[in-house]
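Observations on the model geometry
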Amino acid sequence: MINIVFWFFVILTIVAALMVVLSKNLVYAAIALLVTLLGVAAMYVFLWADFMAGTQVMIYIGGILILLLFGIMLTHKITSVRISHTNVQRGFGALIVIAIFAGLAWMVNITPWLQIHSQEPQQTVHDIGILLMTDYLLPFEVASVLLLGALIGAAVLARKES
Amino acid sequence: MDTLQVYLILAAILFSLGMFAVITRRNAIAVLMGIELILNAANLNFIAFARFGGMNIGGHIFALFVIVLAAAEVAVALAIIINLYQNFNSINVDEAQQLKQ
């Protein structure tokens, strides 16, 4: 049963990612991206990362995707013909990408991965909170400064010059 | 399903598809979607190694920082794209060859 659910989410993620890349309508691509992000969140659940799955849904789907949709709607006249967007140089791009994927898959297959069979963590949120306030305190604070800078920068850039 | 390789291959597929979008898409927002796919592939690798490679919670923390950076990146990128649209009336990356019109 759990196997069927797992492979269902794997197939769903791959098919939705294909739609993101190939769809001619940008809005469809954005909706397909939603399904892809949901599939990746499901993978996080299978990897015992419940907090990360929640964060993925909250920030990616609730924040970044909405921002992308805003971007699409602000930069297109919905009624215009140019809403369809084909890819350019598909053959050449596919060649490069298939070569990259073949290299990665070959690397994954021949590497003798060290697999540690660890126990399922009981309280990931608790551990993440402790680590953020001890070992990773500096990156945490730097990230807050970076977010502030990005916020101000985006507001300044997007403002119309008067 | 309980092997590291399955997750690594899935992440490789997501990375390749994102790369394909970055290479071939003309629309800047579609390129941005490809970048999101690539970042998700990296995150999937971090979390897979957190479970199977003994990174434990450290892998989760790294993925968390990647998500924070993605949020900042997408905000600035969309601001630039909207600026581009106001100047060129188009956001196709192959038409934007000058910094000013």
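Given the structure is predicted, the values throughout are model-derived calculations rather than measurements. (Residues numbered from 1 in each chain as written. Chains lettered and ligands numbered in written order. Predicted model: local features only at pLDDT ≥ 70, side-chain atom pairs only at ≥ 80, totals over all residues. Heavy atoms only, no water.)

1. What to know about the overall build of chain B
The condition is simple: Secondary structure elements follow DSSP: runs of H or I no shorter than four residues count as helices, runs of E no shorter than two count as strands, and numbering proceeds from the N terminus. Between the two quantities, the radius of gyration covers C-alpha atoms and the globule rule is 2.2 Å times the number of residues to the power 0.38. The classification of residues rests on relative accessible area computed with a 1.4 Å probe and restricted to protein chains. Under 20% of the type maximum is buried, over 50% is exposed, and intermediate values are partly exposed. Contacts are assigned to residue pairs that have any heavy atoms within 4.5 Å of one another. Note on areas: Shrake-Rupley with a 1.4 Å probe; residue coverage comes only from the protein chains shown. His residues and chain termini do not enter the charge count, which takes Lys and Arg as positive and Asp and Glu as negative. Taken as the charge location is NZ of Lys, CZ of Arg, CG of Asp or CD of Glu.
Check the secondary structure of chain B and you find three helices and zero strands. At 17 Å, chain B has a C-alpha radius of gyration far larger than the 13 Å of a compact globule built from 101 residues. A principal-axis box enclosing the C-alpha atoms of chain B has dimensions of 55 × 25 × 15 Å. Considering chain B as a whole, with its 101 residues, one finds that 56% of them fall into the buried category. Sequence-distant contacts in chain B: of pairs separated by 6 or more residues, those separated by 24 or more amount to 54%. On chain B, roughly 3600 Å² of surface is accessible, and the fraction owed to carbon and sulfur atoms is 64%. Across chain B, the mean location of the 4 positive side-chain charges is 4 Å away from that of the 5 negative side-chain charges.

2. Considering the interface of chain B and chain A
To keep it simple, the criterion reads: Accessible area, probed at 1.4 Å, shrinks when two parts are joined; the buried area is that loss added up over both. By definition here, a salt bridge exists when the distance from a side-chain nitrogen of Lys or Arg to a carboxyl oxygen of Asp or Glu is within 4 Å. The term polar contact refers here to a pair of N or O atoms within 3.5 Å; inside protein, the definition further demands a hydrogen-donor-capable atom paired with an acceptor-capable atom, and it admits residues adjacent in sequence only when both atoms are side-chain atoms. Residues are sorted three ways: Asp, Glu, Lys and Arg are charged, Ala, Val, Leu, Ile, Met, Phe, Trp, Tyr, Cys and Pro are nonpolar, and all the rest, Gly among them, are polar.
Between chain B and chain A, the residue contacts involve 70 residues of the former and 78 residues of the latter. A combined buried area of about 6800 Å² lies between chain B and chain A, and 77% of that area is made up of carbon and sulfur atoms. Along the contact surface separating chain B from chain A lie zero salt bridges. Summed over the shared surface of chain B and chain A, the result is six residue pairs in polar contact (both at pLDDT 80 or more). At the level of elements, helix 1 (4-24), helix 2 (28-52) and helix 3 (57-88) of chain B are the ones that each hand at least two residues to the side of chain B that touches chain A. By residue number, the principal contributor to the side of chain B that touches chain A is helix 3 of chain B, which donates 25 residues. Looking at side-chain class alone, the side of chain B that touches chain A contains 49 nonpolar, 16 polar and five charged residues.

3. Comments concerning the packing of aromatic side chains
Condition: Aromatic pairs are defined between Phe, Tyr and Trp rings, using the six-membered ring for Trp, whenever the two ring centres lie within 6.5 Å; interplanar angles under 30 degrees are classed as stacked, those over 60 as edge-to-face, and all others as tilted. Two limits define a charge over a ring: the Lys NZ or Arg CZ must be within 6 Å of the ring centre, and within 35 degrees of the ring normal.
What the rule picks out here adds up to eight aromatic pairs over all chains. Considering the side-chain rings of Phe-6 of chain A and Phe-46 of chain A, the 5.1 Å spacing of their centres and the 85° angle between planes classify their relative orientation as edge-to-face. Of this pair, Phe-6 of chain A sits in helix 1 (residues 2-22) while Phe-46 of chain A is found in helix 2 (residues 26-46), placing the two residues 40 residues apart along the sequence. With a relative accessible area of 0%, Phe-6 of chain A lands in the buried category. Judged by relative accessible area, Phe-46 of chain A falls into the buried class, the value being 13%. What links up through ring pairs into an aromatic cluster is the set Phe-6, Trp-7 and Phe-46 of chain A together with Tyr-7 and Phe-52 of chain B. The ring of Trp-48 of chain A is capped by Arg-51 of chain B, whose NZ or CZ atom sits 3.9 Å from the centre of that ring.

4. Let's talk about the packing of helix 3 (residues 50-75) of chain A against helix 2 of chain B
Which entries qualify depends on this criterion: In this description, a line fitted to the C-alpha atoms serves as the axis of each element, helices being fitted only across the stretch in contact, and the angle between N-to-C directions of two axes falls anywhere from 0 to 180 degrees. Between 65 and 115 degrees an angle is taken as roughly perpendicular, under 35 as roughly parallel, over 145 as roughly antiparallel, and anywhere else as oblique.
Where helix 3 of chain A contacts helix 2 of chain B, the axes come no closer than 11 Å and their chain directions differ by 170°. In this view, helix 3 of chain A runs roughly antiparallel relative to helix 2 of chain B, as classed from their interaxial angle. Each of Met-52, Gln-56, Tyr-60, Ile-64, Leu-68, Gly-71, Ile-72 and Thr-75 of chain A in helix 3 of chain A lies in contact with helix 2 of chain B, whose residues at this interface are Ile-29, Leu-32, Met-33, Glu-36, Leu-39, Asn-40 and Ile-47 of chain B. Its residues placed into classes, the contact of helix 3 of chain A with helix 2 of chain B shows ten nonpolar, four polar and one charged.

5. Here's the deal with unusual backbone geometry
Residues and elements named next belong to chain A. Its identity is not glycine, yet Trp-48 carries a phi of approximately 65°, on the positive side. Locating Trp-48 in the fold gives a position in the loop between helix 2 and helix 3. Taking the relative accessible area as the measure of exposure, Trp-48 reaches 22% and is therefore partly exposed.

6. Brief notes about the environment of Ile-57 of chain B
Mapped onto the elements, Ile-57 of chain B comes out in helix 3. The class of Ile-57 of chain B is buried, set by a relative accessible area of 11%. In this structure the C-alpha to C-alpha distance between Ile-57 of chain B and Ile-47 of chain B, which are ten residues apart in sequence, comes to 8.8 Å. For Ile-57 of chain B, the contacting residues outside a window of four places in its chain are Thr-124, Asp-127, Ile-128 and Leu-131 of chain A.

7. Thoughts on a nonpolar patch on the surface
Quick reminder of the rule: What goes into a patch is any residue over 30% in relative accessible area without a salt bridge, connected to like charges within 9 Å or, for nonpolar side chains (Val, Leu, Ile, Met, Phe, Trp, Tyr), within 5 Å.
A cluster of nonpolar side chains, contributed by Phe-92, Leu-95 and Ile-96 of chain A together with Ile-23 of chain B, occupies part of the molecular surface with about 390 Å² of accessible area. Its place among the elements puts Phe-92 of chain A in helix 4 (residues 90-110). The class of Phe-92 of chain A is exposed, set by a relative accessible area of 55%.

8. Considerations on the confidence of the model for chain B
Spelled out, the test is: Confidence of the predictor at the level of single residues is given by pLDDT, which spans 0 to 100.
For chain B, per-residue confidence averages 88 on the pLDDT scale, and residues scoring 70 or more make up 97% of the total. When pLDDT is averaged over each helix and strand of chain B, the minimum, 89, is found for helix 3 of chain B and the maximum, 93, for helix 1 of chain B.

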